[in-house]
Every structure is written in structure tokens, then in C-alpha cells.
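Okay, here's what each chain looks like letter by letter:
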Amino acid sequence: MKKISHTEYPRPQLERDSYINLNGEWDLTHVKSDRKSKIEYKINVPFSPESIASGIGNFILQPNEELVYKRNFEIPSDFVRDITLLHFGAVDYSCICFINGKEVGSHRGGFLPFQFDVTQWIQIGKNEIQLIVTDPTDTGHQARGKQKLKRGGIWYTPQSGIWQTVWLESVSKDYIKDIKITPNIDTKTVEINVTTDSTNTIIQIFDGNKIIGESSLKNANIEIPNMELWSPENPKLYEVLIKSSGDTVKSYFGMRKFSIGFDGKFKRLFLNNKPYFHNGLLDQGYWFEGLLTPPNDEEMIKEIKLMKDMGFNMLRKHIKIEPLRWYYHCDRLGILVWQDFVCGGGAYETWKVAYLPFIGWKTKDTKYKFLNRTDEAGRKEFISEIDKTVHLLKNTVSLSVWVLFNEGWGQFDSIQLTEKLKKLDDTRTIDSVSGWYDQGQESSDLKSLHLYYQKLKVPKNEKRVIVLSEFGGYSLKTEGHVFDENKLFGYKILPDKQSLEKEYKKLIESELIPLIDQGLSAAIYTQVSDVEEEINGIVTYDRKVIKFDIDFMKNLNAKLVYK
């Protein structure tokens, strides 16, 4: 069995000392559809069995099959307090959990964390956990991202089961359940709301080792003296310590503001009350070894740093929710995040969502049949996951833009859902319809363009902020570092590195940079890494080869700013 991965505390914005990590070797039974045929494995959690890093990687779970996870673990006597909580970072898709043979709860949803109160079932000493998992993948209507049973092209190997950290904590009855942190740079204050049953709560704010603010209120508005702003160029974070009678948690925040403003000629994206050009990359977060699960904390850090070293200041997290530590590293290293909600719905029909938009086809997304959103349960689940996603990532310092729908895929009721999203979070910008099937001026903060196979341009007389939320996709096959030597996908395939850099430089200097003076406020190049057959990454799928010279990229990106 490989070294245990992801042993770091998985929730950096609500961290306490109580922590038992349950990653590592588990028993796994793959139950076939006849319920009689079973295959036994040892699996390396938190990697899905379809991944190489799991130690298995030789089957795809079918919709009518089951995974049964099981492992024993020890609970020391000094660990147990009033309430013991069992956490799962993410399980794809539906699961039932048992502790010591007793059912403790169930969950549906493949991308969001959840927890069970296991106080009455846990015991000091030996315990057994069992998890039964099913996953319809693309035969269902649930949020699933780009997973497909028959992978190929822009569709990737599906995964199932546990794919983020499993862990335990034990807390007091008056434990701190949640915190919400809202910075306000205009008043030089931060609002901190603490959810707890405690009648005695203390909030302390630190700048380094020095306490700079304090309150005994659960809902406090605290002034920040000598306020230092957070930005990609200066990712300044303040630390927070919150105490109840029986609990202590650590958190952090940054003083920053995301808004839309007018520069005298165009509406622009603003950071800290000033125009700020978002120069980013599409980031799908797929890994050769672990599929949706990064190999380890160090590899996440390495990749974010590389993109910053190349001069990018933003990543668009595409149709995936990452482990919370990824967002923590973006916060502390200083890179903006555009966060997609995870797509789902009925079958993806290429002619509707890839071909028709190019001839100017328009449609109302209240017509559920056209974009395959007729399943009411699927729509309700997506709406529920909007709430859960916003709640999960509400304190993320770097998260600047929510992306509601992508290229018409599973799109429905975007005007209504944009209003809902604004009420949930009025501190961030919303890209309601990234790519096409725009619902008009009232639907989104942004006019969001995807341009491949055509010259880059922006619309004239647009009253909204104009962003190029996908473009480029220039591709290079790197011998010995491709997923499939015979099947390649890219928007413009170049023969060698020299040609790739030449064409990329021409694209940026001749086509992209002039658009900034015509109203362009953001540009997102496709993409961070190759993904299976897609070979349009800055790095290869195995992350072993960087296709562009770092200084070459840095020098070009230095030109993507407002004059």
C-alpha cells in the first residue's frame, strides 16, 4: 500500500485540534449487478477505485453495481468528548454509512462534503466503518461534471466512491458549528458571525502574533487598524481565533472587495475599488494518478505556484469543487478563483450546445426540453447544491466570480437562479451563462464569450462587463506524456514547442491585447493541463512536462493589464 495521502487537516477555515484521519488502506468489495458476483480489493482512500492511485484502476463502476467500503479503526479514550462527528470530503454519488453495524446516515451528491453525528454508535477502542456506494454517472440527472461511462474527447474517465478525505472529530456541546466572515474594505471592518450554542464566545483577530481586534459577541463587527488589502500581488491574510467554553477554532480572512465599476468608458471588473484585469486559465483539476483527486497537498501547491510564476492571476475551477485545501492555497499564495457550479441534467447533445450557438441560435432556458432539463428532481437537486456550494466556499478569500452554467449544458431558469445566487452572496460577481445561450441584459453581470476556431473579438455597445471566459486551446502532443498516442483532441494542434509559442504569442499580442481597450475585462485561456485525450494544456496530463517557457509566459502576461 502506498503512503497515506491527504493527511493534512482538511478544513483550514474552521480548524480545531480534534482530528483523526481515516485515509489509507480500506477493504473494498465490488458488487456486480447480479448481487452474487463480488470482487475483493484493498483500496487506498481517498482515491476512487477507477484511479491508478487507488491501487486498483481496472474497472468502471456501472450504474446497477455497488461499492462496499470497510475498515477498522481505533478511538483512544482521550479523544471522545460530548459529540463525535464523522466527515466525508466527497463521495460520488449516493452512499449509506454504518458504524459498528448500525446505520448512521445517508447522503446524495458527488462533489460536496457531509458529516454524520456518530456519538451514540462510536466506542472507545476498536470500531468498524462501512460505506455502501452507488453512482449512476451519466445515466442519471445529478451533477457529475465531465464524467462519462464511455469516455473520449472532452469527456473523461468516470470515478465513483470516496474521493476526498474521511476524518473524525469530537467536540463539546457548545462547539463552534460554523463561522461566516465578511470583510468590508470601505469601512475597514470585518463582520464575523459565529454559529454556536455557547453563551460565552470570544473572537480574536491577529496580525502575525499581535491581537489587533477582539469581541465577545457572536455577531461582531470589528475594525481592522492599519488595514492591508489582499490581492494576487499581496495575498495578506489575517488570522482568527474563536473560543467557546469548551471549543477553540482557528480561521483566517483577507481584506478585499470584488465589484463592478465604470472606468469612464466601459464597465470593468474591480478589485479593491480599482479596475483589475483577470488573466487566467481554465482549470479542470483532473490528474493522471487520481482523476478528480489531487495526488497530494504538495502537487496542488506546485501547480498553483507554477501558474503564478507564469504571470497568471486567476484560475477558473471548471465544473468541479476541489478539496478545501486547494482554496486555502489559492488564498495564501494569491490567485483569484472563478468557481463553476457542477453541471448535470440529461444527455449532452453536441448539436444543441456546441453547433447551434455558432450560427446564432438562441433559446429561452425556461424551455426545459431543449436543454434536457425536464427531470424535476434533477433541477431541485441542482438548486439545493447552489445553496450548499455557496455555504461551503463563502469565506474563500480568492473566490471572485461564480459561474452558474457553462455552454448551455444543463442550463435552466438562469435569470431566476442568478437572482437567487445574488441573494445568497452579494459580495461576488456572477457569470450566469458562460459561453452561450445568454438570456439578455438582466440575466448576468457579465457578457461571457467562448471563442475557439475564430478571430477574437468583443461585441460593440455592450452594457455589461465583457469577459472572454474561454479561448485558445492551442495543443501540442508531447511524446511519452500523452494519455492515448492514437487519439488526440485540441483546437489547434502544433507540431513542436517553437511553433506553439509562436502561435500563442501571435494570439495574445495581435488579437487579445487590443481587445482590452475595446472593453475586455477578463481572459481565460484553455487550459492548465492536458486531460486524457485533450492535449491543450500548459503542462502535460502527468504534470511532468511544462510545454511553455516560464519566462516567455511571464513576459507576455505582463502585457495583459489596463494602461
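Every value quoted in this text rests on a predicted model; they were computed, and no experiment measured them.

## Side note on the nonpolar core
Then, in step 1: One finds Met307, Phe471, Tyr504, Leu512 and Ile538 to be the most contacted residues of the largest nonpolar core, which totals 83 residues.
Then, in step 2: If one sorts the elements of this core by residue count, helix 6 (residues 497-516) sits on top with 8 residues.
Then, in step 3: Lining this core are residues from two domains, each supplying at least three of them: domain 1 (19-171) and domain 3 (258-558).
Then, in step 4: Filtering out sequence-adjacent residues up to four positions away, Ile538 remains in contact with Leu281, Met307, Met310, Tyr525, Gln527, Val528, Ser529, Val545, Ile546, Lys547, Phe548 and Met553.
Then, in step 5: Leu61, Phe88, Val91 and Leu131 belong to the second-largest nonpolar core, a separate cluster that totals 32 residues.

## Things to note about the packing of aromatic side chains
Then, in step 1: Considering all chains together, one arrives at 36 aromatic pairs under this definition.
Then, in step 2: Where Trp26 meets Tyr69, the ring centres are 6.1 Å apart and the plane angle is 85 degrees; that geometry is what we call edge-to-face. Of the two residues, Trp26 is situated in strand 2 (residues 24-31) and Tyr69 in strand 4 (residues 66-75); the sequence distance between them amounts to 43 residues. With respect to burial, Trp26 and Tyr69 carry one shared label: buried.
Then, in step 3: A centroid spacing of 3.9 Å and a plane angle of 10 degrees characterise the contact between Tyr452 and Tyr491, whose relative ring orientation is stacked. Placement of the pair is Tyr452 in the loop between strand 28 (446-451) and strand 29 (465-472) and Tyr491 in the loop between strand 30 (474-476) and strand 31 (492-494), with a sequence separation of 39 residues.

## A look at the UniProt feature "domain: Glycosyl hydrolases family 2 sugar binding" (unreviewed entry) in the protein
Then, in step 1: According to UniProt, the "domain: Glycosyl hydrolases family 2 sugar binding" (unreviewed entry) feature falls on residues 59-135.
Then, in step 2: Taken as a whole, residues 59-135 contains 0% helix and 58% strand, while its terminal C-alpha atoms sit 14 Å from one another.

## A short note on the layout of surface pockets
Then, in step 1: Empty space within the largest pocket amounts to approximately 940 Å³.
Then, in step 2: Forming the boundary of the largest pocket are 47 residues, of which Arg11, His87, Pro113, Leu324 and Leu392 lie nearest the centre.
Then, in step 3: Elements represented by at least two residues in the lining of the largest pocket include exactly strand 5 (83-88), strand 9 (114-117), strand 12 (166-171), strand 13 (176-184), helix 1 (297-309), helix 2 (324-333) and helix 4 (376-393).
Then, in step 4: Considering every element that reaches the lining of the largest pocket, the biggest residue donor is helix 2, with 5 residues.
Then, in step 5: The class makeup of the residues in the lining of the largest pocket is 23 nonpolar, 12 polar and 12 charged.
Then, in step 6: In this structure, the second largest pocket spans a volume of roughly 630 Å³.
Then, in step 7: Pro357, Gly435, Trp436, Lys447 and Leu449 are, among the 23 residues lining the second largest pocket, the residues nearest its centre.
Then, in step 8: At 5 residues, the largest contribution of residues to the lining of the second largest pocket is made by strand 28.
Then, in step 9: Class assignment for the residues of the lining of the second largest pocket results in 10 nonpolar, 8 polar and 5 charged.

Calculation notes
- Starting afresh in each chain, residues are numbered from 1 along the sequence in its written order.
- Given that the model is predicted, a residue must reach a pLDDT of at least 70 before its local features are reported, and side-chain atom pairs must reach 80 or more before they are shown or counted; all residues, however, enter totals for whole chains, interfaces and linings.
- Values shown for side chains rest on all heavy atoms present in the structure; no hydrogens or waters enter the calculation.
- Working definition of a nonpolar core: buried Ala, Val, Leu, Ile, Met, Phe, Trp, Tyr and Cys residues. They are joined through side-chain atoms within 4.5 Å.
- For each residue, the accessible area found with a 1.4 Å probe, counting protein chains only, is set against the maximum for its type, and the residue is called buried under 20%, exposed over 50%, and partly exposed in between.
- A run of H or I in DSSP becomes a helix once it reaches four residues, and a run of E becomes a strand once it reaches two; helices and strands are each numbered from the N terminus.
- Segment limits for the domains were obtained from an automatic or database-derived domain assignment.
- Contact definition: two residues touch when any of their heavy atoms are within 4.5 Å.
- Any two rings among Phe, Tyr and Trp, with Trp reduced to its six-membered ring, count as a pair given centres within 6.5 Å; such a pair is stacked if its planes are under 30 degrees apart, edge-to-face if over 60, and tilted if neither.
- UniProt positions are given in the numbering used here, feature names are shortened, and annotations may be inferred rather than shown by experiment.
- The way it works is a 1 Å grid over only the protein atoms, where trapped points that fit a 1.4 Å probe form a cavity and open points with protein on both sides within 12 Å along at least five of seven lines form a pocket, and then any residue with an atom within 4 Å of a point lines it.
- Grid points are joined across faces, edges and corners, and a volume is the space filled by probe spheres set on the points.
- For this scheme, ten residues count as nonpolar: Ala, Val, Leu, Ile, Met, Phe, Trp, Tyr, Cys and Pro. Four count as charged, namely Asp, Glu, Lys and Arg, and the remainder, Gly too, count as polar.

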